[in-house]
Amino acid sequence: MASTIDCIVDTLPMAKEIDKVSHHVNATTTAVIAMQTAVIAAEKEASDHVCEKVNEGFYTMIRSQISQKMAKLQSDVDSLLMQLSQQQKQLLSIRTRMERDYNMLLARYSKLFNGLNQNLRQRVTELDRPTINFALGEVEHITNRSKMLTATVPVGQLESVMQSQKILASNAKYQGMKVINAMRNFLSDFNEQRELTSTILLNGTAREAHLAVPVVMMETRIDKNGTTVDNIVMNDTGLSATMQRNIQNTINSNSDNLHWVNSNEKDTETVIEYSKMVATAQLPDRVKEMMTKLFLSTSYQTLKH
C-alpha cells in the first residue's frame, strides 16, 4: 500500500534569487543596449571620419594630378616657344641671305641685260643706218620746220626785208652756236675718254701678282642643340661680287683642311681698336665694363701656318 509523505518546501529563497537574477538580466540588457548604441555611434563616427579622409585624399590626388599636368603643359609650351624663337631666327637668317643673293643676282643680270640691250640697239642701228638717221634726225626737223624756218612776209618792202635779214642772221648765228657747242662737247668728251683710257690701260706687259685679302670666319651657335652657322666676312673695297663669291667658295671647299689653333695672346692693335669703339659708344658704364670683361676673357683661334 502506497504511502503519502506531505512536506512543505520554502520557495522564498529561490524567488529572491530569481528576482536578483532578473535585476541582473535587466541591468545586462540595459548595458547591452547602451553598448550597442555606443557601438553604432562609434561606427558612424568612424565611417564619417573615413569618408572625410577618403574625400580629402581624393581631392588632394586630383589637385596633385592637375598640378602635374599644368606643370608638364607649361614646360611643353616653354619648349615650343623656345623652338619657335630659334626657328624664327633661322628663318630671318635665311631670308637675309636670300635677299642678299637676290640683290646680287639682280645686279648681275640687270647689268648683263642692259649690255645686251645696248649691243642689240647698236647692231640694229648699224643694219640700217640711213633709216635710223632719217627717223631720229630728219623727221624731227621736218616736224619742227615751223620752228626751224624763218618767217617771211608776202610784201617785199624795205622794212620787211630788213627784219627778214635780221631773222635769217639770228637763225644762222643760233645754228652756228649749236654746231660749235656740239664740236666743243665732242672734243671735251674725246679728251676725257682718252685720259680715262690712259689711266686704265697698263703700261707694258701685264704680270701676275698675288694679293692678300683679310677674311674673318665666324661660327655662330643658334640653338641649345649645338647647331652652328658659319659666316665669312671680308672687305668689299676693290673686290667685285664675283671675286667675293669665288673667295667664299674656295674657303668653304677647303674648310676641312684648315688647321685652327688656340691663341692665348690678343693682338695689341685689336685690343686698342676695340677699346676705342667701347669708349666712343653711347652706352652705360656698366655695359661698357661688361663688354670689356667679356672681350678680355674670350679666346679665339687662328690658322696654323
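Above this text sits the structure in question.
Residues numbered from 1 in each chain as written. Predicted model: local features only at pLDDT ≥ 70, side-chain atom pairs only at ≥ 80, totals over all residues. Heavy atoms only, no water.

(A) Fine view of the overall build of the protein chain. Helices and strands together make up the secondary structure of the protein chain, namely seven helices and four strands. If you list the helices and strands of the protein chain from N to C, you get α-α-α-α-β-β-α-β-α-α-β. Burial analysis of the protein chain (305 residues in total) assigns 4% to the buried set. Intrachain contacts of the protein chain at a sequence separation of at least 6 include 43% that bridge at least 24 residues. Within the structure as shown, the protein chain displays about 27800 Å² of accessible surface, and the carbon and sulfur contribution to it stands at 60%. (Helix = DSSP H or I, 4+ residues; strand = E, 2+ residues; numbered from the N terminus. Buried < 20%, exposed > 50% of the residue type's maximum accessible area, 1.4 Å probe, protein only. Contact = heavy atoms within 4.5 Å. Areas by Shrake-Rupley, 256 points an atom, 1.4 Å probe, with all protein chains shown as cover.)

(B) How the structure looks around the packing of helix α6 (residues 268–280) against helix α7 (residues 285–297). Where α6 contacts α7, the axes come no closer than 10 Å and their chain directions differ by 165 degrees. The pairing of α6 with α7 is recorded here as roughly antiparallel in orientation. When you trace α6 past α7, the crossing you get is right-handed. Between α6, through T270, V271, Y274, V278 and A279, and α7, the contact on the second element is made entirely by K288, M291, T292 and F295. (Axes fitted to C-alpha atoms, helices over the stretch in contact; angles between N-to-C directions. Parallel < 35°, antiparallel > 145°, perpendicular 65-115°, else oblique. Left-handed = near helix turned anticlockwise from the far one by under 90°.)

(C) Broad picture of the pairing of strand β2 (residues 228–234). Strand direction decides the pairing type here: strand β1 (residues 215–221) and β2, joined by seven bridges, are antiparallel. Counted as the bridge partner of R221 is T228 from β2. Between β1 and β2, which pair antiparallel and follow one another directly, the connecting turn spans six residues, one of which, G226, has a positive phi of 90 degrees. (Pairing = 2+ DSSP bridges.)

(D) Molecular detail of the side chain of K288. Considering the arrangement of structural elements, one finds K288 in helix α7. Excluding residues within four positions of it along the chain, K288 makes contact with V278, A279, A281 and L283.

(E) Main features of the pattern of salt bridges. Per the counting criterion, the structure on display carries two salt bridges. Among the salt bridges present, the one from D76 reaches K72, with a minimum N-O distance of 3.3 Å. Of the two residues, D76 and K72 are both situated in helix α1 (residues 12–127); the distance of four residues between them amounts to about one turn of the helix. For R95, the salt bridge identified is with E99, shortest N-O distance 3.9 Å. (Salt bridge = Lys/Arg side-chain N within 4 Å of Asp/Glu carboxyl O.)

(F) Layout of the packing of aromatic side chains. If you walk through the whole model with that rule in mind, you get four aromatic pairs. Seen in terms of ring centroids, Y109 and F113 are 6.5 Å apart; in terms of plane orientation they differ by 35 degrees. Their pairing is tilted. Of this pair, Y109 and F113 both sit in helix α1, four residues apart, which is roughly one turn of that helix. What makes F113 partly exposed here is its relative accessible area of 47%. (Phe/Tyr/Trp six-rings, centres within 6.5 Å; stacked < 30°, edge-to-face > 60°.)

(G) Up close: a nonpolar patch on the surface. A cluster of nonpolar residues, L105, Y109, L112, F113 and L116, forms a patch on the protein surface that exposes about 460 Å² of accessible area. Its location among the elements puts L105 in helix α1. Accessibility expressed as a relative area gives 35% for L105, which makes it partly exposed. (Patch = residues over 30% accessible without salt bridge, like charges linked within 9 Å, V, L, I, M, F, W, Y side chains within 5 Å.)

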